[in-house]
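If you want the building blocks of each chain, they are given just below.
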Amino acid sequence: MTNLDITTLEAPVEALIQQQVAAYEAQLREALGRKLSGGQSKKRKTSESGSSRRSRATGPRRTPEQVDALATRLLAAVESTPGETMTTLAARVGVGPAELSLPASRLKKTGRVKTVGERSRTRYYAVTP
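We now turn to the structure provided with this report. (Residues numbered from 1 in each chain as written. Predicted model: local features only at pLDDT ≥ 70, side-chain atom pairs only at ≥ 80, totals over all residues. Heavy atoms only, no water.)

### Considerations on the pairing of strand β2 (residues 123–126)
Part 1 of the argument: The pairing of strand β1 (residues 113–116) with β2 spans 4 bridges and is classified as antiparallel. Within the sheet, the bridge partner assigned to valine 113 lies in β2 and is alanine 126.
Part 2 of the argument: Counting the residues in the hairpin turn of β1 and β2 gives 6 residues, including glycine 117, whose phi is positive at 105 degrees. (Pairing = 2+ DSSP bridges. Helix = DSSP H or I, 4+ residues; strand = E, 2+ residues; numbered from the N terminus.)

### A closer look at the packing of helix α3 (residues 64–80) against helix α5 (residues 101–109)
Part 1 of the argument: Between α3 and α5, the shortest axis-to-axis distance is 9 Å and the interhelical angle comes to 70 degrees. Taken together, the axis directions place α3 and α5 in an arrangement best described as roughly perpendicular. For the pair α3 and α5, contact is made by Pro64, Val67, Asp68, Leu70, Ala71, Leu74 and Leu75 and by Leu102, Pro103, Ala104, Arg106 and Leu107, respectively.
Part 2 of the argument: When its residues are assigned to classes, the contact of α3 with α5 shows 10 nonpolar, no polar and 2 charged. (Axes fitted to C-alpha atoms, helices over the stretch in contact; angles between N-to-C directions. Parallel < 35°, antiparallel > 145°, perpendicular 65-115°, else oblique. Contact = heavy atoms within 4.5 Å. Nonpolar A, V, L, I, M, F, W, Y, C, P; charged D, E, K, R; others polar.)

### Observations regarding the side chain of threonine 122
Part 1 of the argument: With respect to the helices and strands, the residue threonine 122 is situated in the loop between β1 and β2.
Part 2 of the argument: Residue threonine 122 is classed as buried on the basis of its relative accessible area of 11%.
Part 3 of the argument: A polar atom in the side chain of threonine 122 sits 2.9 Å from the backbone oxygen of arginine 119.
Part 4 of the argument: In this structure, threonine 122 is in contact with Glu84, Thr85, Met86, Thr115, Val116 and Gly117, ignoring residues within four places of it in sequence. (Buried < 20%, exposed > 50% of the residue type's maximum accessible area, 1.4 Å probe, protein only. Polar contact = N/O pair within 3.5 Å; in protein donor to acceptor, adjacent residues only side chain to side chain.)

### Topic: the side chain of threonine 81
Part 1 of the argument: For threonine 81, the position within the fold is in the loop between α3 and α4 (86–93).
Part 2 of the argument: On the accessibility criterion, threonine 81 (18% relative accessible area) is buried.
Part 3 of the argument: Engagement of the side chain of threonine 81 in a polar contact is seen with the backbone oxygen of alanine 77, the distance being 2.9 Å.
Part 4 of the argument: Discounting chain neighbours no more than four positions away, the residues touching threonine 81 are Leu89 and Arg92.

### Describing the nonpolar core
Part 1 of the argument: Ranked by internal contacts, the top residues of the largest apolar core, which has 16 residues, are Leu74, Met86, Leu89, Val93, Leu100, Leu107 and Tyr124.
Part 2 of the argument: Of all the elements, α3 adds the most residues to this core, at 6 residues.
Part 3 of the argument: Beyond its immediate sequence surroundings of up to four residues, leucine 100 is in contact with Leu70, Leu74, Met86, Leu89, Ala90, Val93 and Val95. (Core = buried A, V, L, I, M, F, W, Y, C linked by side-chain atoms within 4.5 Å.)

Any link to function would need more than the numbers given here.
Below, the structure is given as structure tokens:
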């Protein structure tokens, strides 16, 4: 190639590079805007497009008194049938196992219940003072 050919190519190549850089900067600004706004713009974008992702429906928040009442019922169930799994204890209390997660962790944190095992094999035992 001659000097003439290279100089004629420089302008179109430089224009393409500037377009790519501008597009990349726009993407970075958009991502930064989502990050700073806590991802709200992304949520709006997916909801407007009719995305099939849905958030899980949650019930009303329980008051601390309600959680304490569930913890008391769970402790009574653990004392009456030590060494049972959460599924069994939840059936005795009359609620789902997921609902007893917070009361169980509170009982464990206060030292009134100890656990042995992991995940679905976790067994619950009452600790006597």
